[in-house]
Amino acid sequence: IDIDVPSSVPEVQVPPLLFITFLENAFKHGVSYQQESYIKLKLQIDEPNNKIIFFCSNMNLQKVEYTHHGIGLENVNKRLKLIYEENYTLSIDNNQEKNIFEVLLIIPLRS
(Lines give C-alpha, C1' and ligand atoms only; values in the text may rest on other atoms or scores of the structure.)
Protein backbone atom coordinates (compact mmCIF):
# COMPACT_ATOMS: atom_id res chain seq x y z
CA ILE A 1 0.00 0.00 0.00
CA ASP A 2 1.49 3.29 -1.16
CA ILE A 3 -0.08 6.42 0.35
CA ASP A 4 0.86 9.95 -0.73
CA VAL A 5 -0.96 12.67 1.19
CA PRO A 6 0.08 16.25 2.04
CA SER A 7 1.95 16.71 5.29
CA SER A 8 -0.18 19.75 6.09
CA VAL A 9 -3.69 20.41 4.91
CA PRO A 10 -5.50 23.74 4.99
CA GLU A 11 -8.88 23.82 6.65
CA VAL A 12 -11.15 22.47 3.96
CA GLN A 13 -14.45 20.68 3.97
CA VAL A 14 -15.07 17.41 2.19
CA PRO A 15 -18.44 15.64 2.23
CA PRO A 16 -18.35 12.87 4.86
CA LEU A 17 -17.07 9.49 3.64
CA LEU A 18 -16.75 10.71 0.05
CA PHE A 19 -13.67 8.61 -0.73
CA ILE A 20 -14.65 5.48 1.21
CA THR A 21 -16.32 3.68 -1.72
CA PHE A 22 -13.14 3.94 -3.81
CA LEU A 23 -10.97 2.71 -0.93
CA GLU A 24 -13.35 -0.13 -0.12
CA ASN A 25 -13.33 -1.30 -3.74
CA ALA A 26 -9.53 -1.08 -3.87
CA PHE A 27 -9.21 -3.44 -0.90
CA LYS A 28 -12.08 -5.68 -1.99
CA HIS A 29 -10.86 -6.22 -5.56
CA GLY A 30 -7.18 -5.30 -5.38
CA VAL A 31 -5.65 -7.30 -2.54
CA SER A 32 -4.63 -10.94 -2.75
CA TYR A 33 -2.74 -13.31 -0.49
CA GLN A 34 -1.99 -15.61 -3.44
CA GLN A 35 -0.30 -13.13 -5.78
CA GLU A 36 1.50 -9.82 -5.66
CA SER A 37 -0.89 -6.88 -5.51
CA TYR A 38 -0.88 -3.20 -4.71
CA ILE A 39 -2.99 -0.18 -3.83
CA LYS A 40 -1.79 3.35 -4.57
CA LEU A 41 -3.54 6.32 -3.03
CA LYS A 42 -2.71 9.96 -3.69
CA LEU A 43 -4.46 13.06 -2.35
CA GLN A 44 -3.45 16.57 -3.41
CA ILE A 45 -4.70 19.99 -2.44
CA ASP A 46 -4.36 22.29 -5.44
CA GLU A 47 -4.90 25.66 -3.75
CA PRO A 48 -4.10 27.88 -6.76
CA ASN A 49 -6.88 26.17 -8.74
CA ASN A 50 -9.17 25.55 -5.73
CA LYS A 51 -9.29 21.78 -6.26
CA ILE A 52 -8.87 18.56 -4.32
CA ILE A 53 -7.39 15.78 -6.42
CA PHE A 54 -7.90 12.16 -5.34
CA PHE A 55 -6.28 9.28 -7.21
CA CYS A 56 -6.53 5.58 -6.39
CA SER A 57 -5.03 2.73 -8.38
CA ASN A 58 -5.11 -0.98 -7.61
CA MET A 59 -4.74 -4.38 -9.17
CA ASN A 60 -8.07 -5.64 -10.45
CA LEU A 61 -8.11 -9.25 -9.33
CA GLN A 62 -11.84 -9.64 -9.94
CA LYS A 63 -12.60 -12.76 -11.95
CA VAL A 64 -14.29 -12.25 -15.32
CA GLU A 65 -17.08 -14.70 -14.43
CA TYR A 66 -17.93 -12.61 -11.35
CA THR A 67 -21.37 -11.26 -12.26
CA HIS A 68 -22.63 -9.48 -9.12
CA HIS A 69 -21.99 -5.74 -9.29
CA GLY A 70 -22.49 -3.53 -6.27
CA ILE A 71 -24.07 -0.12 -6.32
CA GLY A 72 -21.25 1.77 -4.59
CA LEU A 73 -19.78 3.48 -7.66
CA GLU A 74 -23.22 4.29 -9.03
CA ASN A 75 -24.25 5.83 -5.69
CA VAL A 76 -21.07 7.90 -5.34
CA ASN A 77 -21.60 9.25 -8.86
CA LYS A 78 -25.18 10.27 -7.99
CA ARG A 79 -23.95 11.86 -4.77
CA LEU A 80 -21.29 13.86 -6.61
CA LYS A 81 -23.92 15.19 -9.03
CA LEU A 82 -26.15 16.23 -6.15
CA ILE A 83 -23.35 18.01 -4.31
CA TYR A 84 -21.30 19.50 -7.16
CA GLU A 85 -23.72 19.39 -10.11
CA GLU A 86 -21.35 19.43 -13.11
CA ASN A 87 -18.44 21.02 -11.23
CA TYR A 88 -16.34 17.88 -10.68
CA THR A 89 -14.40 15.28 -12.63
CA LEU A 90 -14.75 11.55 -12.04
CA SER A 91 -12.75 9.27 -14.26
CA ILE A 92 -12.86 5.50 -13.73
CA ASP A 93 -10.61 3.30 -15.85
CA ASN A 94 -11.00 -0.47 -15.59
CA ASN A 95 -8.16 -1.75 -17.78
CA GLN A 96 -8.89 -5.48 -17.89
CA GLU A 97 -5.93 -6.24 -20.17
CA LYS A 98 -3.48 -4.94 -17.55
CA ASN A 99 -5.70 -5.84 -14.54
CA ILE A 100 -5.57 -2.27 -13.27
CA PHE A 101 -8.43 -0.23 -11.84
CA GLU A 102 -7.90 3.54 -11.51
CA VAL A 103 -10.04 6.33 -10.12
CA LEU A 104 -9.40 10.04 -10.54
CA LEU A 105 -11.70 12.43 -8.70
CA ILE A 106 -11.30 16.20 -8.82
CA ILE A 107 -13.64 18.30 -6.70
CA PRO A 108 -13.80 21.99 -5.79
CA LEU A 109 -11.96 23.09 -2.69
CA ARG A 110 -14.33 24.41 -0.01
CA SER A 111 -13.13 26.06 3.17
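Let me sum up the structure you'll find in this document.

Criteria and cut-off values
- Residues numbered from 1 in each chain as written.
- Predicted model: local features only at pLDDT ≥ 70, side-chain atom pairs only at ≥ 80, totals over all residues.
- Heavy atoms only, no water.
- Patch = residues over 30% accessible without salt bridge, like charges linked within 9 Å, V, L, I, M, F, W, Y side chains within 5 Å.
- Areas by Shrake-Rupley, 256 points an atom, 1.4 Å probe, with all protein chains shown as cover.
- Salt bridge = Lys/Arg side-chain N within 4 Å of Asp/Glu carboxyl O.
- Helix = DSSP H or I, 4+ residues; strand = E, 2+ residues; numbered from the N terminus.
- Core = buried A, V, L, I, M, F, W, Y, C linked by side-chain atoms within 4.5 Å.
- Buried < 20%, exposed > 50% of the residue type's maximum accessible area, 1.4 Å probe, protein only.
- Contact = heavy atoms within 4.5 Å.
- Pairing = 2+ DSSP bridges.
- Axes fitted to C-alpha atoms, helices over the stretch in contact; angles between N-to-C directions.
- Parallel < 35°, antiparallel > 145°, perpendicular 65-115°, else oblique.
- Left-handed = near helix turned anticlockwise from the far one by under 90°.
- Nonpolar A, V, L, I, M, F, W, Y, C, P; charged D, E, K, R; others polar.

**Overview of a nonpolar patch on the surface**
Inference 1: There is a patch of nonpolar side chains on the surface, built from Ile1, Ile3, Val5, Phe27 and Val31 and spanning about 500 Å² of accessible area.
Inference 2: Within the secondary structure, Ile3 is located in strand E1 (residues 2-4).

**Here we look at the nonpolar core**
Inference 1: Within the largest apolar cluster, 18 residues are counted, with the highest numbers of intra-cluster contacts made by Leu18, Phe54, Leu80, Leu105 and Ile107.
Inference 2: Listed by contribution, the elements that provide at least two residues to this core are helix H1 (20-30), strand E2 (39-46), strand E3 (51-59), helix H2 (72-84) and strand E5 (100-108).
Inference 3: Here the element with the most residues in this core is E5; it accounts for four residues.
Inference 4: Beyond its immediate stretch of four places on either side in the chain, Leu80 contacts Leu18, Glu85, Tyr88, Leu90, Leu105 and Ile107.

**Here's the deal with the pairing of E5**
Inference 1: In terms of strand pairing, E3 meets E5 through nine bridges, oriented antiparallel. In the sheet register, Lys51 faces E5, and the bridge partner there is Pro108.
Inference 2: Counting the residues that bridge the hairpin from strand E4 (residues 89-95) to E5 gives four residues, and of these Asn99 lies at a positive phi of roughly 55°.

**Concerning the packing of H1 against H2**
Inference 1: Two elements in contact, H1 and H2, have axes whose closest approach is 9 Å; the angle formed by their N-to-C orientations is 160°. Taken together, the axes of H1 and H2 lie roughly antiparallel to each other. Every pair of crossing elements has a handedness; the one defined by H1 and H2 is left-handed. Contact with H1, carried on its side by Thr21, Phe22 and Asn25, involves Gly72, Leu73 and Val76 of H2 and no other residues of that element.
Inference 2: Its residues assigned to classes, the contact of H1 with H2 comprises three nonpolar, three polar and no charged.

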